[in-house]
Amino acid sequence: MKILLGENKNIELYIEKDYEAMSQKAATLLVDSIAAKLQEREFVTFMPSAGGTPVRLYQILRKKHKTSIDWSRVVVLQMDEYIGLPVFHKNSYAWFLCNELVLLLSIQQIFFIGRYTVQDGVQRFDEIIRNAGDIDIILHGIGENGHLGFNEPGVVS
């Protein structure tokens, strides 16, 4: 199914029967997308989600796709983090990404947002993204209650 978002902007929507099928499909699509980008450029910028939604996807990447692409050419930009939590605290998203994805796939470049103050982090990430030419792939999940990242349904800030 394709959803039209505007002039020349389409999103392909896949509906799978369950979490396992969704994770398998997402892993295949992700690896295929990274492989295609790596044919065009030296590296790919990838912004993965942390948290519960992608856990099975990351397991599949580690088991089935560890050698499918050259993961050392993937640059990871951390998407979200708890403010004030040290980068390598066991409850940080940086810790999660390192232990679920980065270290186990031999990804060699990751930019942690928790290393910076909020203001410095925004400026630094803008600079990194500009220098990289953009973010090539963003992997974002939707939580069981419909939340996107730290944006919970019904919460107005």
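Please refer to the structure placed before this passage.
First, a word on what this report is: a plain description of the structure on this page. (Residues numbered from 1 in each chain as written. Predicted model: local features only at pLDDT ≥ 70, side-chain atom pairs only at ≥ 80, totals over all residues. Heavy atoms only, no water.)

Let us look at the sheet that holds strand 4 (residues 74-77). Read across the sheet, four strands follow the order 5-4-3-6 without closing on themselves; strand pairing throughout is parallel. Because the sheet does not close on itself, it has two edges, and the strands there are strand 5 (109-111) and strand 6 (137-139). For this sheet the average axis-to-axis angle between neighbouring strands, irrespective of direction, equals 25°. Across three bridges, the pairing between strand 4 and strand 5 is parallel. By the bridge assignment for strand 5, L77 is matched with F111. Running over the sheet, helix 1 (residues 19-40) touches strand 3 (44-48), strand 4 and strand 6 and is turned about 155° from strand 3. Sheet contacts for helix 3 (residues 93-102): strand 3, strand 4 and strand 5; angle to strand 3, the most-contacted strand, approximately 120°. (Pairing = 2+ DSSP bridges. Helix = DSSP H or I, 4+ residues; strand = E, 2+ residues; numbered from the N terminus. Axes fitted to C-alpha atoms, helices over the stretch in contact; angles between N-to-C directions. Contact = heavy atoms within 4.5 Å.)

In contact at an axis separation of 8 Å, helix 1 and helix 2 (residues 55-64) are set at 55° when each is read in the N-to-C sense. The orientation of helix 1 with respect to helix 2, classified from their angle, is oblique. As for how helix 1 packs across helix 2, the hand of that crossing is right-handed. Taking contact as the criterion, the partners of Y19, E20, S23, Q24, A26, A27, L30 and V31 in helix 1 are, on helix 2, V55, R56, L57, I60, L61 and K64. Broken down by class, the residue content of the contact of helix 1 with helix 2 amounts to nine nonpolar, two polar and three charged. (Parallel < 35°, antiparallel > 145°, perpendicular 65-115°, else oblique. Left-handed = near helix turned anticlockwise from the far one by under 90°. Nonpolar A, V, L, I, M, F, W, Y, C, P; charged D, E, K, R; others polar.)

What follows concerns the nonpolar core. Grouped together as the largest cluster of nonpolar side chains are 30 residues, with contacts concentrated most on I34, F46, Y58, L61, W71 and L101. Going through the elements one at a time, helix 1, strand 3, helix 2, strand 4, helix 3 and strand 6 are the ones with two or more residues in this core. Broken down by element, this core gets its largest block of residues, seven residues, from helix 3. If near-sequence neighbours (up to four positions away) are discounted, L101 is found in contact with F46, P48, Y58, L61, F96 and I107. By size, the runner-up hydrophobic cluster in this structure holds nine residues, among which are M79, F125, I129 and I135. (Core = buried A, V, L, I, M, F, W, Y, C linked by side-chain atoms within 4.5 Å. Buried < 20%, exposed > 50% of the residue type's maximum accessible area, 1.4 Å probe, protein only.)

Attention shifts here to the environment of V122. Note that V122 resides in helix 4 (residues 118-132). Residues V122 and E40, spaced 82 residues apart in sequence, show a C-alpha to C-alpha distance of 28 Å.

Summarising the element assignment, E81 is placed in the loop between strand 4 and helix 3. Taking relative accessible area as the criterion, E81 reaches 10% and is therefore assigned buried. Within the local environment of E81, its side chain forms a polar contact with the side chain of Q78, the two groups lying 2.8 Å apart. One polar contact links the side chain of E81 to the main-chain amide nitrogen of Y93, over a distance of 2.9 Å. (Polar contact = N/O pair within 3.5 Å; in protein donor to acceptor, adjacent residues only side chain to side chain.)

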